[in-house]
Amino acid sequence: GIVDHILCILPFEELLCRENGLAATFVGHPVLEDAFHAAAKSDRYRLQWHIAGDGGCFRKEHGLSPDSTLLSLLPGSRMQEVKRILPIFGGVLDLLNNSLQGATAVIPTVSNSKLITTVESIVKRWNTPVVVLPGASDRDKYNAFAASVAGLCTSGTSVLQMQLARLPCVVAYRANIITEWLIQHHTKLKYISLPNILLDSPVIPEALFSDCTPVKLAVLLRQLLQQQSLQQQQVEVACKVLNMLAPAESQQSSIKNLEFGNTKEKFTFLKPSLVAARTLLSLLGQFGQS
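Quick caveat: nothing in here was measured; it's all calculated off a predicted structure.

### Comments concerning the side chain of Lys271
Here's step 1: Along the polypeptide, Lys271 turns up in the loop between α13 (263–268) and α14 (272–289).
Here's step 2: When residues no more than four places from it in sequence are discounted, the contact partners of Lys271 are Glu33, Phe36 and His37.

### Considering unusual backbone geometry
Here's step 1: Look at Arg166: it is not a glycine, yet its phi comes out positive at around 60°.
Here's step 2: Secondary-structure assignment places Arg166 in the loop between α7 (157–164) and β7 (169–173).

### A look at the sheet that holds strand β8 (residues 206–208)
Adjacent strands of a sheet form backbone hydrogen bonds with each other and so pair up, either parallel or antiparallel.
Here's step 1: Taken together, the six strands give an open sheet; going across it, the order is β5-β4-β3-β6-β7-β8, and neighbouring strands pair in parallel fashion. Two strands lie at the open edges of the sheet, namely β5 (130–133) and β8, each paired on one side alone. The mean angle between the axes of side-by-side strands here comes to 20°, regardless of whether they run parallel or antiparallel.
Here's step 2: Bridge count for β7 against β8 is three bridges, and the pairing is parallel. Residue pairing in the sheet places Ala172 in a bridge with Ala207 of β8.

### Some thoughts on the pattern of salt bridges
Here's step 1: In this structure the tally under the stated criterion is seven salt bridges.
Here's step 2: Of the charged contacts in the structure, one is a salt bridge between Arg139 and Asp140, with a shortest N-O distance of 3.4 Å.
Here's step 3: Overall, the relative accessible area of 42% leaves Arg139 in the partly exposed class.
Here's step 4: Because the salt bridges share partners, they merge into one network encompassing Glu61, Arg139 and Asp140.

### Focus: the pairing of strand β3 (residues 69–74)
Here's step 1: The element β3 is largely enclosed, with a buried count of six among its six residues.
Here's step 2: Where burial is concerned, the two faces of β3 agree: the one with Thr69, Leu71 and Leu73 and the one with Leu70, Ser72 and Leu74 are both buried.
Here's step 3: Relative to strand β4 (residues 103–108), β3 runs parallel, the two sharing four bridges. Note on β4: the bridge partner recorded for Ser72 is Val106.
Here's step 4: Following the backbone out of β3, through helix α4 (residues 79–96) and into the adjacent parallel β4, one traces a crossover that is right-handed.

### A word on the packing of aromatic side chains
Here's step 1: Summed over the entire model, instances satisfying the criterion amount to three aromatic pairs.
Here's step 2: For the ring pair Phe36 and Trp49, a centre distance of 5.8 Å and an interplane angle of 70° mean the geometry is edge-to-face. Here the residue Phe36 occupies a position in helix α2 (residues 33–40), and Trp49 occupies one in the loop between α2 and α3 (55–61), the gap between them amounting to 13 residues.
Here's step 3: A relative accessible area of 11% means that Trp49 is categorised as buried.
Here's step 4: A centroid spacing of 5.5 Å and a plane angle of 85° characterise the contact between Tyr142 and Phe145, whose relative ring orientation is edge-to-face. Placement of both Tyr142 and Phe145 in helix α6 (residues 138–147) is noted, with a separation of three residues, approximately one turn of the helix. For the pair Tyr142 and Phe145, one class covers both residues: buried.

### Things to note about a nonpolar patch on the surface
Here's step 1: Residues Leu95, Val215 and Val219 make up a contiguous nonpolar surface patch of roughly 240 Å² in combined accessible area.
Here's step 2: Relative to the elements of secondary structure, Val219 occurs in helix α10 (residues 214–226).

### What to know about the packing of α4 against α10
Helices that pack against each other are described as a pair by the angle of their axes relative to one another and the distance between those axes.
Here's step 1: It is the contact of α4 with α10, at a shortest axis distance of 8 Å, that shows an interaxial angle of 55°. Taken together, the axes of α4 and α10 are oblique relative to one another. Crossing geometry of α4 relative to α10 is assigned as right-handed. Of α10, the residues touching α4 (which contributes Ile88, Phe89, Gly91, Val92, Leu95 and Leu96) are Pro214, Val215, Leu217, Ala218, Leu221 and Arg222.
Here's step 2: A class-by-class count of the residues in the contact of α4 with α10 yields ten nonpolar, one polar and one charged.

### Concerning the nonpolar core
Here's step 1: Ranked by internal contacts, the top residues of the largest apolar core, which has 30 residues, are Leu73, Leu86, Phe89, Trp126, Leu217 and Leu221.
Here's step 2: Those elements giving two or more residues to this core turn out to be β3, α4, β4, α5 (113–123), β6 (148–154), β7 and α10.
Here's step 3: Dropping the residues within four chain positions of it, Leu221 is found in contact with Leu71, Val92, Leu96, Ala150, Gly151 and Val170.
Here's step 4: Ranked by size, the runner-up nonpolar core spans 29 residues in total, among them Leu10, Val31, Ala165 and Leu242.

Each value, and the rule that gives it
- Residues numbered from 1 in each chain as written.
- Predicted model: local features only at pLDDT ≥ 70, side-chain atom pairs only at ≥ 80, totals over all residues.
- Heavy atoms only, no water.
- Helix = DSSP H or I, 4+ residues; strand = E, 2+ residues; numbered from the N terminus.
- Contact = heavy atoms within 4.5 Å.
- Pairing = 2+ DSSP bridges.
- Axes fitted to C-alpha atoms, helices over the stretch in contact; angles between N-to-C directions.
- Salt bridge = Lys/Arg side-chain N within 4 Å of Asp/Glu carboxyl O.
- Buried < 20%, exposed > 50% of the residue type's maximum accessible area, 1.4 Å probe, protein only.
- Right-handed = clockwise from strand over helix to strand, strands pointing away.
- Phe/Tyr/Trp six-rings, centres within 6.5 Å; stacked < 30°, edge-to-face > 60°.
- Patch = residues over 30% accessible without salt bridge, like charges linked within 9 Å, V, L, I, M, F, W, Y side chains within 5 Å.
- Areas by Shrake-Rupley, 256 points an atom, 1.4 Å probe, with all protein chains shown as cover.
- Parallel < 35°, antiparallel > 145°, perpendicular 65-115°, else oblique.
- Left-handed = near helix turned anticlockwise from the far one by under 90°.
- Nonpolar A, V, L, I, M, F, W, Y, C, P; charged D, E, K, R; others polar.
- Core = buried A, V, L, I, M, F, W, Y, C linked by side-chain atoms within 4.5 Å.

Function-wise, these values are silent; they only describe arrangement.
Listed below in structure tokens is the structure:
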């Protein structure tokens, strides 16, 4: 066939592929690489699916008052996505300005000069102060999350990054008319964000399609900020969700009889990128013998 083997990043994909006659291996989700990188920089290596940034450091570096209320906004990494959702985020801030003391938005971006220019062009018209982090490093991003009270993001990897940071968030999703119609009428998805899909529960509030408006998002974000129980619920399920995205038990069991110099070496062996590499090398070896 055209495809010899599929490397899956979601836990349910391997079984789905195999049920349809496709060889596959679940290697883990690439967002977990952030946790490995953070642990590797620590003086005492301890891998856990939690990245605790330095919020105080972030405020100091950007001249932000300790009393200001920071919101992390992640409008996506694709140009059309940003153009579609970022103006909606601006509308949300306008609606929340009166209820949030010293509201300031923080927007980390990818390293794309055109996208950065687009973001800066949109936010300069906002009434709310904005800190744009062009081509934000992991350090900048997770420090920003640590300084924030909540996040507003598009569905995708950004939701999982906020789970790694234990930052409660609200998810927004808009697409072109055709894509939205296909999702609504030709899929069985009840949710868009991956944590909700994995848990089959609306733990993270979502505003989707035509409901993704400044008014709807402002209501959801205000509820999240006012109800500690909603915030705590997201924090409590984060570890469960991220564990579901870790390399499969078959990968973990394969290292039980191996000897490692230290704990760091053992856990690094389970990085999704290395699991993928080992899978490819194994397959290449099999093909070479056939």
